[in-house]
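Remarks on the overall topology
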Amino acid sequence: MKLPIPSPLLLSGALAVSAGAAAEPTPQGAQQIVRSGEQASVAGPENFFTGRARIDPVWPVRDTLNASGGLVTFEPGARSAWHTHPAGQQLVVMSGVGLTQEWGKPVTEIRAGDVIWCPPGVKHWHGAAPDTAMTHLAVTATVDGKNVTWMEKVSDDQYHAR
Ligand code: MN
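Here is what the cut-offs are and how they apply
- Residues numbered from 1 in each chain as written.
- Predicted model: local features only at pLDDT ≥ 70, side-chain atom pairs only at ≥ 80, totals over all residues.
- Heavy atoms only, no water.
- Core = buried A, V, L, I, M, F, W, Y, C linked by side-chain atoms within 4.5 Å.
- Buried < 20%, exposed > 50% of the residue type's maximum accessible area, 1.4 Å probe, protein only.
- Helix = DSSP H or I, 4+ residues; strand = E, 2+ residues; numbered from the N terminus.
- Contact = heavy atoms within 4.5 Å.
- Donors = N, O, S within 2.8 Å, 3.2 Å for Na, K, Ca; no water.
- pLDDT = per-residue confidence, 0-100.
- Pairing = 2+ DSSP bridges.

**Comments concerning the nonpolar core**
With 13 residues, the main nonpolar core has Phe-49, Phe-74, Leu-91, Val-93, Ile-110, Ile-116 and Met-134 as its most contacted residues. Among the secondary structure elements, those contributing two or more residues to this core are β4 (67-74), β7 (89-102), β9 (115-118) and β11 (134-141). Setting aside its immediate chain neighbours within four residues, Phe-49 contacts Gly-44, Ile-55, Val-72, Phe-74, Arg-79, Ser-80, Ala-81, Trp-150 and Lys-153. Residues Leu-99, Val-107, Trp-125 and Val-154 belong to the second largest nonpolar core, which totals six residues.

This is the structure:
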């Protein structure tokens, strides 16, 4: 396939505009590549999870990007405790089938590819479906060094209330 050759005038014009932008940030450090396998998996603490959950850290909070990323894998039936996030949380279901619920609302099924926004201060939980594991990416911002407030565990009755 033959691609059109861009006009040199248009190209140089575009480059001049972006290179000349006044708001370019000051470079800070070098690019970093964290290789697969360099970050250890950790078990979801018993106080905050029912069943087996595994957390694979992806990236930490930084001064200029105030949200961490983590992959959380729930075995069938496993779920977080009820909790809130001071600045909210974005979830992306990477694989499997899971459940989530806001306090006072019905349990909702979530599937691979679904994207969930948990607004600041809204009490909720998330986990796997009863018979299927689920992994989600959790992107969570921090306020004063804190990104979650943990509450009571999700009871079996609450979990199975669909
Ligand atoms: Mn959450």
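Picking up where we left off.
**Focus: the coordination of the manganese ion**
Around the manganese ion, the protein supplies His-83 (NE2), His-85 (NE2), Gln-89 (OE1), His-124 (NE2) and His-126 (NE2) as donor atoms, at distances of 2.2 Å. Between consecutive donors of the manganese ion, the numbers of intervening residues give the motif H-x1-H-x3-Q-x34-H-x1-H. You'll find His-85 and Gln-89 in the same group, each marked buried.

**Describing unusual backbone geometry**
Of note in the backbone geometry, Asp-144 takes a positive phi value of approximately 50° without being a glycine. Summarising the element assignment, Asp-144 is placed in the loop between β11 and β12 (149-150). Asp-144 gets classed as exposed once you look at its relative accessible area, which sits at 79%.

**Description of the confidence of the model for the chain**
In the predicted model, the chain carries a mean pLDDT of 90, and the fraction of residues at 70 or more is 87%. Within the model, pLDDT remains below 50 along residues 1-16, and this stretch shows zero contacts once partners closer than five positions in the same chain are excluded.

**Considerations on the pairing of strand β8 (residues 108-111)**
Across four bridges, β7 lies against β8 in antiparallel orientation. Bridged to Thr-100 within β8 is Thr-108. The turn linking β7 back onto β8 is made up of five residues, and Gly-104 within it adopts a positive phi angle of 85°.

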